[in-house]
Amino acid sequence: MDTRPIGIFDSGVGGLTVAGQVIKALPHEDIIYFGDTARIPYGTKSTETVTQFSRQIMHFLLENNVKAVIIACNTVSSNCYETLKKEFDIPIIEVVIPGVETCLSLTKTNRVGVIGTEATIRSRSYENRLKEARPGIEVFPKACPLFVSLAEEGFTENEIAKLTVKTYLGELKEKNIDTLILGCTHYPLLKKTISEFMGEGVGIVDPAKETAHKMKDYLEAHGLTGDDTCGKRTFFCSDNTEKFDMICKRSLGIDCRARKINIEKY
Ligand code: DGL
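The structure reproduced in this document is the subject of the present report. The structure presented is a predicted model; accordingly, all values stated were derived computationally and were not measured.

Turning our eyes to something else, we now look at the site of the ligand. Neighbouring the ligand are 14 residues; Ser11, Tyr42, Asn74, Thr75 and His186 lie closest to it. Here the ligand has 300 Å² of accessible area as a free molecule, and 99% of this is covered by the chains. Among the detected pockets, the ligand sits in the largest cavity. Partitioned by chemical class, the residues of the shell around the ligand number six nonpolar, seven polar and one charged.

Ranked by size, the top nonpolar core spans 54 residues in total, and within it Ile115, Phe147, Leu169, Leu180 and Ile194 carry the most contacts. Top contributing element to this core by residue count: helix H1 (residues 16-25), with six residues. In contact with isoleucine 194, other than residues within four places in its own chain, are Ile115, Phe147, Val165, Leu169, Leu180, Leu182, Tyr187 and Ile204. Counting residues in hydrophobic clusters, the runner-up holds 24 residues, among them Ile57, Leu61, Phe88 and Ile90.

Note on placement: alanine 19 falls in helix H1. Along the chain, alanine 19 and isoleucine 31 lie twelve residues apart, while their C-alpha atoms are 8.3 Å from each other. If sequence neighbours within four positions are ignored, alanine 19 has contacts with Ile8 and Tyr33.

Once that is clear, we can look at empty space enclosed by the protein. Remark: the empty space left among the atoms is shown by a probe the size of a water molecule rolled over them. Under the defined criterion, the tally for this structure stands at three cavities of 30 Å³ or more. Its boundaries defined by the atoms lining it, the largest cavity holds a volume of some 80 Å³. What lines the largest cavity is a set of 14 residues, among which Ser11, Thr75, Thr117, Val148 and Cys184 lie closest to the centre. Within the lining of the largest cavity, the residues separate by chemical class into six nonpolar, seven polar and one charged. Roughly 40 Å³ of volume is contained in the second largest cavity. Together, Val114, Thr120, Ile121, Arg124, Ser125, Tyr126, Glu127 and Pro141 line the second largest cavity. Elements that contribute at least two residues to the lining of the second largest cavity include exactly helix H5 (118-123) and helix H6 (125-133). Its residues assigned to classes, the lining of the second largest cavity shows four nonpolar, two polar and two charged.

Calculation notes
Residues numbered from 1 in each chain as written. Predicted model: local features only at pLDDT ≥ 70, side-chain atom pairs only at ≥ 80, totals over all residues. Heavy atoms only, no water. Near = heavy atom within 4 Å. Areas by Shrake-Rupley, 256 points an atom, 1.4 Å probe, with all protein chains shown as cover. 1 Å grid on protein atoms, 1.4 Å probe; cavity = no way out; pocket = protein on both sides within 12 Å on 5 of 7 lines; lining within 4 Å. Sits in = over half its atoms within 2 Å of the grid points. Nonpolar A, V, L, I, M, F, W, Y, C, P; charged D, E, K, R; others polar. Core = buried A, V, L, I, M, F, W, Y, C linked by side-chain atoms within 4.5 Å. Buried < 20%, exposed > 50% of the residue type's maximum accessible area, 1.4 Å probe, protein only. Helix = DSSP H or I, 4+ residues; strand = E, 2+ residues; numbered from the N terminus. Contact = heavy atoms within 4.5 Å. Points joined across faces, edges and corners; volume = space filled by probe spheres on them.

Function cannot be inferred from these measures alone, as they are strictly geometric.
So this is what it looks like as structure tokens:
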């Protein structure tokens, strides 16, 4: 047993989609969430910059005595996971592998789409892993950077969201895919609009649930689970706490009252 919290981080509110699944899968765990709302987006920045931001967040989480960390950000998972794993002596779970595994279990036609930030798509993290696991699979990647701003703004189902989805995904729709990976933790906030546009024949993969289950399996296998006294959720962000609280309420139904911290000092 280990009653220390699990750390979860993202560049903003996107990782809340993962936090929600962690709360469901692991209700008796304390959680510390950090959203880097002052420095978002990560998806348009260099690997060097995003790695440095992620290091600072890891230091912050470690100062808060976390027992394990979930990188609830595809951009960080795709570009910095190996570096963070080498530099920090703590269990780290990322989101790409769970997404790949789910996609492979769902696709029947082996024609799949992957959408994510520019940095995630550029890294080919999904594409390479899918092709390694199943040579012959056809992968159609597409960067959709504006989806992050839409999600942060709460524009998830309105006309602007619909038009943006149509603009980015129009070509992908012609490719006859049967599975689409939401390779950015912000995108599940637009899931309804994306799914309606792609049509019923396209299964949508949101790696959040499997990521939460990976953490559960890890904690159980290593005797690190919390107990009935745990279940506290604490939220931090680096800017705009009110907006963060509003989105947290809307997406998780939690009155989180996020605390603002200066991440640059870590
Ligand atoms: N939510 C993050 C991801 O999963 C990135 C969004 C961004 O900061 O660009 O990639």
